[in-house]
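Remarks on the overall topology
Listed below are the residues making up each chain.
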Amino acid sequence: RCKESIFVSLSLFAAQRCRMNEDTGADYLTPWQLFECVDGGGVGVVESSRCSTCTEGSVVTSFNWPWQTHAVLKGSSLQKVDSSMADGHLSYFLGVIGMTGLTALLGVREKGHVVKGANQTMVVSGAAGACGSIAGQIGKLDGCVRVVGICGTEEKCRALVEDLGFSAAINYYYEDIPKRLKECCPDGIDVYFDNVGGVISDAVIAQMNNGSHVILCGQISQYNKDVPYPPPLSEETQKALQIKNITRERFMVLSYMSKADAALCELSRHVKSDAFCSMMKGGNIGKQIIKISE
Ligand code: NDP
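You'll find the chain entered in an unreviewed UniProt entry as 15-oxoprostaglandin 13-reductase, with Mastacembelus armatus given as the organism.

Okay, here's the thing in structure tokens:
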């Protein structure tokens, strides 16, 4: 057992909403129990240890880190990480060089069918969030000629275009989504990284090209509803998928862990080479973390 990790950062993520339900709707997520300490992704430094792998000073992460300033954790539940991959920014292991980055990169690679030189347009919903902000940048790096983000504030729209290299951004609160999609995606949509579902996704799918691809990453707009995952689609959207032969397979990052090490090295390289212009910038733009201590 590792004893007493000094706590550095905790992760906040959308699926935690599902853990507040009696049934999370996903077999890999357990519901939080009353009177139990809330837990989630965390990164910290081992303060003292009786474990041979996680020795004092090791930087470790876990998916089930209790929200406490100090915690006693089993060595077998911890993953040791190399802090040089994040240039010492340990919180990156909860974001771009962690599950968030893996979700974005592997989601695009496994389900997006992005081909360099194919003149493809990608749309990302929840684009200023943790996964979306990285997915759009991967889409651009992999060869999409146009990457359009959909998000909920002017500040986020500005950051997507000016800081993260998106081609355009649509504010779904104030703008007419179908009209703006037509303007921003004149050749239609070839790849859709879907984080939110609901009416935003209905509008995007309506403008997708024949043989295009939806990366079904998450459906955050539906998490307050008592429906199974993935939530049912409207009849019209279901029909559009069929008629246009659009693929929409569920993506689960945990199914691709054999590719995680290589993907994390690639993400680390991008961060170091500044291919990702601005990660962790602004209030809720990029991955949101809680810093407990130095
Ligand atoms: P974040 O919390 O970082 O960002 C999500 C963003 O979605 C919010 O900032 C908000 O921004 C937007 N949003 C929230 N509610 C709505 C709504 N009702 N309609 C439209 N937009 C909304 O989330 P993550 O990037 O961590 O997660 C994104 C998705 O990916 C989630 O659905 C999550 O469950 C999923 N996920 C899937 C994984 C997998 O293996 N498939 C792994 C990890 C995450 P705004 O201001 O723009 O509204």
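**Section: the sheet that holds strand S8 (residues 168-171)**
Strand order in this open sheet of six strands is S8-S7-S6-S9-S10-S11, and the pairing throughout is parallel. Two strands bound the open sheet, and with one partner strand each, they are S8 and strand S11 (247-250). The mean angle between the axes of side-by-side strands here comes to 15°, regardless of whether they run parallel or antiparallel. In terms of strand pairing, strand S6 (residues 121-125) meets strand S9 (residues 189-194) through three bridges, oriented parallel. Residue pairing in the sheet places Val124 in a bridge with Phe193 of S9. Sheet strands in contact with helix H5 (residues 198-206) are S6, strand S7 (146-151), S9 and strand S10 (208-216), and its direction is about 165° off that of S9.

**Details of the domain arrangement of the chain**
On domain assignment, one finds that the chain holds domain 1 (2-81) and domain 2 (100-253). Averaged C-alpha coordinates put domain 1 and domain 2 at centres separated by 31 Å. Buried surface at the junction of domain 1 and domain 2, both sides included, amounts to about 470 Å², of which 61% is carbon and sulfur. Where domain 1 packs against domain 2, one counts zero salt bridges. At the boundary of domain 1 with domain 2, the tally comes to zero residue pairs in polar contact (both at pLDDT 80 or more). Across the side of domain 1 that touches domain 2, the residue classes break down as three nonpolar, two polar and one charged.

**What to know about a nonpolar patch on the surface**
Residues Tyr28, Phe63, Leu254 and Met257 make up a contiguous nonpolar surface patch of about 360 Å² in total accessible area. Within the secondary structure layout, Phe63 lies in strand S3 (residues 59-66). You can call Phe63 partly exposed: its relative accessible area is 44%.

**Side note on the site of the ligand**
As a structural note, the neighbourhood of the ligand is formed by 22 residues, with Cys131, Gly152, Lys156, Tyr172 and Tyr223 the closest of them. A distance of 2.8 Å separates an oxygen atom of the ligand from a polar backbone atom of Ala130. The separation between an oxygen atom of the ligand and a polar side-chain atom of Tyr172 is 2.5 Å. Protein chains bury 80% of the 920 Å² of accessible surface belonging to the ligand in isolation. Residue composition of the shell around the ligand, by class: 13 nonpolar, eight polar and one charged.

**Concerning the packing of helix H4 (residues 177-184) against H5**
Where H4 contacts H5, the two axes come as close as 10 Å, and the packing angle between them is 40°. When the axis of H4 is compared with that of H5, the two are oblique. Handedness of the crossing formed by H4 with H5: right-handed. Counting all contacts with H4, which are made through Ile177, Pro178 and Leu181, the residues of H5 involved are Ile200, Ala203 and Val204.

Rules behind the numbers
Residues numbered from 1 in each chain as written. Predicted model: local features only at pLDDT ≥ 70, side-chain atom pairs only at ≥ 80, totals over all residues. Heavy atoms only, no water. Pairing = 2+ DSSP bridges. Helix = DSSP H or I, 4+ residues; strand = E, 2+ residues; numbered from the N terminus. Axes fitted to C-alpha atoms, helices over the stretch in contact; angles between N-to-C directions. Contact = heavy atoms within 4.5 Å. Domains from an automatic or database assignment. Buried area = accessible area lost by both parts, 1.4 Å probe. Salt bridge = Lys/Arg side-chain N within 4 Å of Asp/Glu carboxyl O. Polar contact = N/O pair within 3.5 Å; in protein donor to acceptor, adjacent residues only side chain to side chain. Nonpolar A, V, L, I, M, F, W, Y, C, P; charged D, E, K, R; others polar. Patch = residues over 30% accessible without salt bridge, like charges linked within 9 Å, V, L, I, M, F, W, Y side chains within 5 Å. Areas by Shrake-Rupley, 256 points an atom, 1.4 Å probe, with all protein chains shown as cover. Buried < 20%, exposed > 50% of the residue type's maximum accessible area, 1.4 Å probe, protein only. Near = heavy atom within 4 Å. Parallel < 35°, antiparallel > 145°, perpendicular 65-115°, else oblique. Left-handed = near helix turned anticlockwise from the far one by under 90°.

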